[in-house]
Number of protein chains: 6
Amino acid sequence: MAIIRVELGARDQATREALIADLTDVMVKYGSPRESTQVILYEVSMDLWAKGGVPYSRRAARAAEGTA
Amino acid sequence: MAIIRVELGARDQATREALIADLTDVMVKYGSPRESTQVILYEVSMDLWAKGGVPYSRRAARAAEGTA
Amino acid sequence: MAIIRVELGARDQATREALIADLTDVMVKYGSPRESTQVILYEVSMDLWAKGGVPYSRRAARAAEGTA
Amino acid sequence: MAIIRVELGARDQATREALIADLTDVMVKYGSPRESTQVILYEVSMDLWAKGGVPYSRRAARAAEGTA
Amino acid sequence: MAIIRVELGARDQATREALIADLTDVMVKYGSPRESTQVILYEVSMDLWAKGGVPYSRRAARAAEGTA
Amino acid sequence: MAIIRVELGARDQATREALIADLTDVMVKYGSPRESTQVILYEVSMDLWAKGGVPYSRRAARAAEGTA
């Protein structure tokens, strides 16, 4: 059995489903029964997720302004 | 002390409160002081939660169509 | 379905099993199928878990010395 | 490297950014490279977060009514 | 960017590394830059992980005794 | 109130306590009552934590060999 939690940016439903299927296939490949494998996607706002002390939303804005 | 996190489908507020109270009672029964026991509910969309590589929303749709 | 994660202090196996059974019963009572309900216990060291800026291990030591 | 997750009540974006910057500074102070330090804020509804078996929203209402 | 957390049973290091590489490839395939993709494996003891109210260790023992 | 979870590499107890105190001070500065602020440190093995598809332990080994 396995529970996969992914924190990522927003995706559309088709991409979510393809991502979920592929992640599940990986776990099955390494011994986790398919029906005992769960995936939960946490789509996190770029205002709430930061690297290097700066939210990704602001990092993107700075990159766009060329002031990163 | 104890911190309980529950991932579950959406519930109304009355059910949430009853669920929270009962989960807390269980922890108190096993030695966690009531005021040091926290519960956080994470209500996850069925589009984002999958078992066997398929989101629960799609599993439900298939079951309804009789094509599960 | 529901996934319950509990952060708590160490327990013996008998207490773990009783705790798991009771938490599961609560989720079943509120609509989560038994076989779709999972519980994971995270037993956290008191050296690594803090309240008010002080690890619980040190809070306990202070309380024992009467210097809390 | 470090990944900090904070569960807290809602904050405005300016406070989020100041909080993120300060938390990151702490991790850098203790040896985590700035660009390998991530912070994710989980702003939890007071209806879904409980202490002592009662959601914080209801605890606040009771306190306001003087019936805590 | 993406952070994948996997709760699973214990694996040897070679399997861990293969699993990590494959999970990362999936995230890269769906738009997460490789160097911004992290994976953390939480290998959970079967005494602490339960389904249907019973730890997996006990479920396995019952299955072996034919008393599941 | 706030619950901070930090995934990081191993630290000695003195560093843990200083880190916990400083993180708590940050949350108090932004409105979380001290005694309602908890910190939990998850010290993750470098064999189980990966970036770019490679565990940190192996990344370090490659860097040491100059083959990163």
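Residues numbered from 1 in each chain as written. Chains lettered and ligands numbered in written order. Predicted model: local features only at pLDDT ≥ 70, side-chain atom pairs only at ≥ 80, totals over all residues. Heavy atoms only, no water.

If you check an unreviewed UniProt entry, chain A appears there as 4-oxalocrotonate tautomerase from Spongiactinospora gelatinilytica.

The next point concerns the overall build of chain A. Counting secondary structure elements, chain A contains 2 helices and 4 strands. Reading chain A from its N end, one meets helices and strands in the order β-α-β-β-β-α. Computed over its C-alpha atoms, the radius of gyration of chain A comes to 16 Å, more than 25% above the 11 Å expected for a compact globule of 68 residues. Based on the C-alpha atoms only, the size of chain A along its principal axes is roughly 50 × 25 × 15 Å. Here the analysis covers contacts within chain A between residues at least 6 apart in sequence; of these, 56% occur between residues at least 24 apart. Here chain A displays about 2700 Å² of accessible surface, and carbon together with sulfur accounts for 54% of that area. Each charge class in chain A can be summarised by its mean position, and for the 9 positive and 9 negative side chains these summaries are 8 Å apart. (Helix = DSSP H or I, 4+ residues; strand = E, 2+ residues; numbered from the N terminus. Rg over C-alpha atoms; globule rule 2.2 N^0.38 Å. Contact = heavy atoms within 4.5 Å. Areas by Shrake-Rupley, 256 points an atom, 1.4 Å probe, with all protein chains shown as cover. Lys, Arg positive; Asp, Glu negative; His and termini not counted. Charge placed at Lys NZ, Arg CZ, Asp CG, Glu CD.)

Turning our attention to the relation of the copies chain E and chain F. For the pair chain E and chain F, the relating rotation is 120°, the translation along its axis is 0.0 Å, and the fit reaches an RMSD of 0.0 Å. Here the transformation between the copies is reduced to the relation of a three-fold axis. Rotation axis and chain E: the residue whose C-alpha lies nearest the axis is Tyr42(E), separated from it by 6.1 Å. (Least-squares fit on C-alpha atoms with pLDDT ≥ 70 in both.)

So, about the pairing of strand β2 (residues 37-43) of chain D. With 6 of 7 residues buried, β2(D) is to be regarded as a mostly interior element. Two strands pair when backbone bridges link them, and strand β3 (residues 49-51) of chain A and β2(D) are joined in this way by 3 bridges, in the antiparallel orientation. In the sheet register, Ala50(A) faces β2(D), and the bridge partner there is Val39(D). Across 7 bridges, the pairing between strand β1 (residues 2-8) of chain D and β2(D) is parallel. In the strand pairing of β2(D), Ile4(D) is matched with Val39(D). Assessed by its sense of winding, the connection that carries the chain from β1(D) through helix α1 (residues 13-29) of chain D to β2(D) is right-handed. (Buried < 20%, exposed > 50% of the residue type's maximum accessible area, 1.4 Å probe, protein only. Pairing = 2+ DSSP bridges. Right-handed = clockwise from strand over helix to strand, strands pointing away.)

Let's shift gears to the relation of the copies chain A and chain E. Note: a rotation about an axis with an accompanying shift along it relates these two copies of the chain. Overlaying chain A with chain E gives an RMSD of 0.0 Å, the required rotation being 180° about an axis along which the chain moves by 0.0 Å. Taken together, the rotation and translation relating the two chain copies correspond to the operation of a two-fold axis. Across chain A, the smallest distance between a C-alpha and the rotation axis is recorded for Arg5(A), namely 2.6 Å. Looking at chain A, 100% of its interface residues are interface residues in chain E too, so the copies touch through the same face.

What follows concerns the interface of chain E and chain F. With 16 residues of chain E at the contact, the number on the chain F side is 16 residues. In total, chain E and chain F occlude about 1300 Å² of area from one another, counting both sides; carbon and sulfur atoms represent 46% of this. Seen at the junction of chain E and chain F, the total is 3 salt bridges. With a closest N to O distance of 2.4 Å, Glu17(E) and Arg58(F) form a salt bridge. Connecting chain E to chain F are 10 residue pairs in polar contact (both at pLDDT 80 or more). Top element by residues in the side of chain E that touches chain F is strand β2 (residues 37-43) of chain E. It accounts for 7 residues. Looking at the side of chain E that touches chain F residue by residue, the classes come out as 6 nonpolar, 4 polar and 6 charged. (Buried area = accessible area lost by both parts, 1.4 Å probe. Salt bridge = Lys/Arg side-chain N within 4 Å of Asp/Glu carboxyl O. Polar contact = N/O pair within 3.5 Å; in protein donor to acceptor, adjacent residues only side chain to side chain. Nonpolar A, V, L, I, M, F, W, Y, C, P; charged D, E, K, R; others polar.)

A few words now on the packing of helix α1 (residues 13-29) of chain B against helix α1 (residues 13-29) of chain C. The geometry of α1(B) relative to α1(C) is characterised by a closest axis approach of 10 Å and an angle of 170° between their N-to-C directions. Here α1(B) lies roughly antiparallel to α1(C), going by the angle between them. Only Leu19(C), Asp22(C), Leu23(C), Val26(C), Met27(C) and Lys29(C) of α1(C) make contact with α1(B), whose side of the interface consists of Leu19(B), Asp22(B), Leu23(B), Val26(B), Met27(B) and Lys29(B). (Axes fitted to C-alpha atoms, helices over the stretch in contact; angles between N-to-C directions. Parallel < 35°, antiparallel > 145°, perpendicular 65-115°, else oblique.)

Another aspect to go through is the pattern of salt bridges. All told, the structure shown has 42 salt bridges over all chains when counted by the stated rule. Of the charged contacts in the structure, one is a salt bridge between Asp25(F) and Arg34(F), with a shortest N-O distance of 3.0 Å. A residue is classified by how much of its surface remains accessible, and Asp25(F), at 37% relative accessible area, is partly exposed. Residues participating in the shared-partner salt-bridge network are Arg5(A), Glu7(B), Arg5(C) and Glu7(E).

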